[in-house]
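Next come the chains, spelled out residue by residue.
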2 protein chains.
Amino acid sequence: MKYNLMPLAGMAEFSPAEQLLFEEWKEIITGNYRLFGFTPIETPVLERAEILLAKAGGETEKQIYRFKKGESDLAMRFDHTVPLARYVAANQSKLQFPFRRLAIGKVYRGERSQAGRFREFYQADADIIGRRELDLTYDAEIISLIATTIAKLNLGKFIININNRKLVMGFLQALKVMDKDQVLHLLDSSEKISESQLKKELSLLRLDTFEVRQLLKFSRLKGEFTQVLSELANFDLNNTQFNQGLQELTAVHQHLQNLGVDEKLYCLNLSIIRGLDYYTGVVFETKLVDAPGLGSICGGGRYDNLVGGFSQEKMPGVGMSIGITRLFSQALSLGLLKPKRKTCSQVVVLPLSGDLPAALKIVQQLRKVKIASEIYLQPAGIKKQLKYAGDLGVHFALLLGDDEINSGKLSLKNLDTGEQLSLNLAATIDYLQHQTN
Amino acid sequence: MKYNLMPLAGMAEFSPAEQLLFEEWKEIITGNYRLFGFTPIETPVLERAEILLAKAGGETEKQIYRFKKGESDLAMRFDHTVPLARYVAANQSKLQFPFRRLAIGKVYRGERSQAGRFREFYQADADIIGRRELDLTYDAEIISLIATTIAKLNLGKFIININNRKLVMGFLQALKVMDKDQVLHLLDSSEKISESQLKKELSLLRLDTFEVRQLLKFSRLKGEFTQVLSELANFDLNNTQFNQGLQELTAVHQHLQNLGVDEKLYCLNLSIIRGLDYYTGVVFETKLVDAPGLGSICGGGRYDNLVGGFSQEKMPGVGMSIGITRLFSQALSLGLLKPKRKTCSQVVVLPLSGDLPAALKIVQQLRKVKIASEIYLQPAGIKKQLKYAGDLGVHFALLLGDDEINSGKLSLKNLDTGEQLSLNLAATIDYLQHQTN
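Definitions and limits used
Residues numbered from 1 in each chain as written. Chains lettered and ligands numbered in written order. Predicted model: local features only at pLDDT ≥ 70, side-chain atom pairs only at ≥ 80, totals over all residues. Heavy atoms only, no water. Helix = DSSP H or I, 4+ residues; strand = E, 2+ residues; numbered from the N terminus. Contact = heavy atoms within 4.5 Å. Areas by Shrake-Rupley, 256 points an atom, 1.4 Å probe, with all protein chains shown as cover. Lys, Arg positive; Asp, Glu negative; His and termini not counted. Charge placed at Lys NZ, Arg CZ, Asp CG, Glu CD. Buried < 20%, exposed > 50% of the residue type's maximum accessible area, 1.4 Å probe, protein only. Pairing = 2+ DSSP bridges. Least-squares fit on C-alpha atoms with pLDDT ≥ 70 in both. Axes fitted to C-alpha atoms, helices over the stretch in contact; angles between N-to-C directions. Buried area = accessible area lost by both parts, 1.4 Å probe. Salt bridge = Lys/Arg side-chain N within 4 Å of Asp/Glu carboxyl O. Polar contact = N/O pair within 3.5 Å; in protein donor to acceptor, adjacent residues only side chain to side chain. Nonpolar A, V, L, I, M, F, W, Y, C, P; charged D, E, K, R; others polar. Patch = residues over 30% accessible without salt bridge, like charges linked within 9 Å, V, L, I, M, F, W, Y side chains within 5 Å. Parallel < 35°, antiparallel > 145°, perpendicular 65-115°, else oblique. Left-handed = near helix turned anticlockwise from the far one by under 90°. Phe/Tyr/Trp six-rings, centres within 6.5 Å; stacked < 30°, edge-to-face > 60°. Lys NZ or Arg CZ within 6 Å of the ring centre and 35° of its normal.

(A) The arrangement of the overall build of chain A in detail. From N to C terminus, chain A includes 16 helices and 17 strands. Counting only C-alpha atoms, chain A reaches 90 × 55 × 45 Å along its principal axes. Across chain A, every contact between residues at least 6 apart in sequence was considered, and the portion connecting residues at least 24 apart equals 68%. By element, 49% of the accessible surface of chain A is carried by carbon and sulfur atoms, the whole surface being about 18000 Å². When the 54 positive and 49 negative side-chain charges of chain A are each reduced to one mean point, those points stand 3 Å apart.

(B) The arrangement of unusual backbone geometry in detail. Going from Phe97 of chain A to Pro98 of chain A, the amide bond is cis rather than trans, its omega being -5 degrees. Tracing the backbone shows Pro98 of chain A in the loop between helix 4 (81-90) and strand 5 (99-108). Of note, Lys176 of chain B is a non-glycine position whose phi angle comes to about 55 degrees, a positive value. On the secondary structure map, Lys176 of chain B appears in the loop between helix 6 (165-174) and helix 7 (180-188).

(C) Summary view of the pairing of strand 16 (residues 410-414) of chain B. All names here are of chain B. In terms of burial, strand 16 is a largely internal element, four of the five residues being buried. Two elements, strand 15 (residues 396-399) and strand 16, share four bridges in a ladder whose sense is antiparallel. Residue Phe396 lies in a different strand from strand 16, and its bridge partner there is Asn414. Examined bridge by bridge, strand 16 and strand 17 (residues 420-423) share four bridges and lie antiparallel to one another. Note that in strand 17 the partner of Ser411 across the bridge is Ser422. From the end of strand 16 to the start of strand 17, which pair antiparallel, there are five residues, and Gly418 there has a positive phi angle of about 90 degrees.

(D) Spatial organisation of the relation of the copies chain B and chain A. For the pair chain B and chain A, the relating rotation is 180 degrees, the translation along its axis is 0.0 Å, and the fit reaches an RMSD of 0.0 Å. A rotation of that kind, with that shift, is consistent with a two-fold axis. Minimal C-alpha distance to the rotation axis in chain B is attained by Phe67 of chain B, lying at 3.2 Å. The share of interface residues of chain B whose copies in chain A are also at the interface is 100%, consistent with both copies meeting through the same surface.

(E) Layout of the sheet that holds strand 17 of chain B. Residue and element names in this part refer to chain B. With mixed pairing, the five strands of this open sheet are ordered in space as 14-13-15-16-17. Both edges of this open sheet fall to strand 14 (373-375) and strand 17, since each of them pairs with a single strand only. The sheet shows a mean angle of 25 degrees between the axes of neighbouring strands, taken without regard to direction. Contacting strand 13 (347-350), strand 14 and strand 15, helix 14 (residues 382-392) runs over the sheet at an angle of about 170 degrees to strand 13.

(F) Local environment of the interface of chain B and chain A. Taken together, the 100 residues of chain B in the interface contact 100 residues of chain A. Note on chain B versus chain A: buried area summed over both sides is about 8400 Å², and carbon and sulfur give 56% of it. Counting the contacts that link chain B with chain A gives 10 salt bridges. Glu13 of chain A is the partner of Arg86 of chain B in a salt bridge, and the nearest nitrogen-oxygen pair spans 2.6 Å. Taken together, the connections running from chain B to chain A amount to 46 residue pairs in polar contact (both at pLDDT 80 or more). With nine residues, helix 1 (residues 16-35) of chain B is the largest single contributor of residues to the side of chain B that touches chain A. Residue composition of the side of chain B that touches chain A, by class: 53 nonpolar, 21 polar and 26 charged.

(G) Here's a closer look at the pattern of salt bridges. Tallied over the entire structure, the rule returns 40 salt bridges over all chains. In the salt-bridge network here, residues are joined through shared partners; they are Glu23, Lys26, Lys106 and Glu120 of chain A together with Glu42 of chain B.

(H) Region of interest: the sheet that holds strand 7 (residues 158-164) of chain B. All names here are of chain B. Ordered by their spatial adjacency, nine strands build an open sheet running 1-5-6-12-11-10-7-9-8, and the pairing between neighbours is mixed. Looking along the sheet, the strands with just one partner apiece sit at the ends: strand 1 (39-40) and strand 8 (222-223). The sheet contact formed by strand 6 (residues 120-129) and strand 12 (residues 317-322) spans six bridges and is antiparallel. Bridge pairing in strand 12 places Ile128 opposite Val318. Sheet strands in contact with helix 1 are strand 1, strand 5 (99-108), strand 6 and strand 12, and its direction is about 5 degrees off that of strand 6. In the packing of helix 10 (residues 225-233) onto the sheet, the strands contacted are strand 7, strand 8 and strand 9 (266-269), and the crossing angle to strand 9 comes to about 15 degrees.

(I) A negative patch on the surface, seen in detail. A grouping of Glu24 and Glu27 of chain A together with Glu24 and Glu27 of chain B is seen on the molecular surface, where their side chains present a negatively charged patch. For the negative patch, the elements supplying multiple residues, two or more each, are helix 1 (16-35) of chain A together with helix 1 of chain B. As for its placement among the helices and strands, Glu24 of chain B is situated in helix 1. Exposure remark for Glu24 of chain B: the relative accessible area of 38% places this residue in the partly exposed category.

(J) Fine view of the packing of helix 6 of chain B against helix 7 of chain B. All names here are of chain B. At a minimum axis separation of 11 Å, helix 6 and helix 7 run at an interaxial angle of 130 degrees. Here helix 6 is positioned oblique relative to helix 7, judged by the angle of their axes. Crossing hand, helix 6 versus helix 7: right-handed. Residues Val168, Met169, Leu172 and Gln173 of helix 6 lie in contact with helix 7, whose contacting residues are Lys180, Val183, Leu184 and Leu187.

(K) Fine view of the environment of Gln254 of chain B. Residues and elements named next belong to chain B. Residue placement: Gln254 occurs in helix 11 (residues 240-258). A relative accessible area of 41% places Gln254 in the partly exposed class. Separated by 143 residues in sequence, Gln254 and Ala397 have C-alpha atoms that sit 55 Å apart.

(L) Highlighting the packing of aromatic side chains. Per the counting criterion, the structure on display carries 37 aromatic pairs over all chains. Between Phe14 of chain A and Phe22 of chain A the ring centres are 5.3 Å apart and the planes differ by 50 degrees, which places this aromatic pair in the tilted class. Each of the two residues, Phe14 of chain A as well as Phe22 of chain A, counts as buried. Ring-pair connections join several aromatic residues into one group, and the members of that group are Tyr65, Phe67 and Tyr108 of chain A together with Tyr65, Phe67 and Tyr108 of chain B. Above the ring of Phe38 of chain A, the side-chain terminus of Arg100 of chain A is found at 5.5 Å from the ring centroid.

Put into structure tokens, the structure is as follows:
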């Protein structure tokens, strides 16, 4: 039988060199989350469908992979936040709050496949959940986590666009806008369409010219915090929500300065809404300055009522998520990443004269001192063995021919430079331990 | 609405302390695989159903999670080996052979839930795939990988039980056994049932008394390689497959000695069959000496025809797999593991006098020098802050009250011993960097 051996559409699969780089990314990201005291918690991929559907909402609900097995109505998670909410509610009495949790794992969205969109993909999340209350300083902590994490990925300049849903909702309230949801939806996409297009779309709703003008003015506000905040004061609105939004943003800005986050790394951008329904306060999206076409590479925000939906208590949370499969794949396509190594081995031992026992003993010594190494065990001539080492993309080959066995000196060949050294085993180990892999 | 907040039956979910230990396990295991030059390759959880069903076989087929989404007939992987076979066949021209790949990730088996059985669980696999040929030394390499990996998990004494399918098949052939599959199935379970029970079951098949006696004698052979190999010679069988099995086992034993694998760590056990159909030669199962009730904690073997089923070429492979979710959970229940830390943080900064800017600057300095640290940002009194630090299970708290701010000396409290030091920031950092977390 002839099989289609390609992965299904929307499923990522990498070459060894790409995968090694992807593993590095996972380590860099979770390493930084851990540095901030976030502790890993893993929830199952499969959940009761009712749990996920409770919080999915319109578009997401259609995308869920849901099926029956025996009596169970199962669904595959579409994010890490809803399972976190369930976990926290279920383990409330055993956890310490504010609870910092990191999650890195695959999530599933069976959406129509298109370039750059995945159906199975990694999200790397960090969230803080409070019991009854959660101070605004935690929102700033999450933003500072984004700034340091994205910086460590070395993807060039980036900017974290911050907004506050309260500010936007208060603004719409003050303007007495009727079709709030449609307006929000338009504002959310306002960076993707032209000003005239946005104006046209807004005019189709129940808004007068003054309201349209105000909304356009509002949604185009973007820049340094102090400046935008002072421009907002000019709107002279007497609305509680709006003012609370302003206060929160002022406080977050202050905390970011205390946390030493460079002001060049973030801005206040009033067009940021975030699609998901559960956000209630501060929201943020991150963009690469030199690759804006990638869209938001890391988003998140404050959700005061999500966990409470599964619990008896109010449990406000704030968190962020990087869709790393998509970001990694796009960074590869754009040439921002250069996969190099194709193997975990630092050195490959080649028993050129076929003396396996001697070669096996050497590889065993190398591994004992934590030098990642493999050995070519297939009976083969010198040429084939050297070709294997060359194709493998390994940095060093340790050649073990008759000369080496008789003299007790090994030949260590640097496959990148062609340089060859003659060293005994101890000196070889010492040399390799001082090389970066 | 009231939700059932527990994970579905058969789905693992850990506490923070348990999860941290589980993460350590994942690192120890993949770290050792990498030391042997195995490179990570991740395939999707979702595959075309036809790919997985092609190699699933009877019992496994019933356990597969399979469903339709739009036009696609999807299934969740039930192991890492079948997806590996597809990956290698699909990328044959781009890979270097022998190809060493590691995989760690969740697999799915919707079996009837029972104690200690999971439906969603981690497997950690290492495999070597050859092109056209794969020398028997690679089988020894995999066994040596098992020995070093299980040793690093610190679960006490263990023993790797080795056998060879060719030996067993040749033996049955020489005995002219008709019902080979049923006999294999009985031998596979022979360690779980009594000798008289086994004898009774064998008598129900088309076997005469001599054959039953020979089979019993054969299947009970177990011990040191050299001894069992010489006992096998006594059977005096003139069967090609049997003799090839003998030769292979002799060679593997020799290679294991060259690789420095302690003879106490493995034995020849003729009752080892392995359930899966695709094994063709050497097979192995690992047991904990002091917890035999756990059954096999790590199995594997040689499969000469699995990858070829998706390819035009013969691509023999050998590999091993640890079912780490089950092993970890059972080791927890048996008290073999003691979860300690409940957080990734080495230190928690407590702004006792409420001076957040000062505290935020300190936590920022700690993170810069890679000291995992968090800060308590909720407005709260001294007592509540200290309680949080205590409950968190963190080793150190850095107290920042008025005295500390005025004097420039921080109070570093060891929460395990109660000891408190007064140090400036540089000395605090130096002290913490010399502690193990």
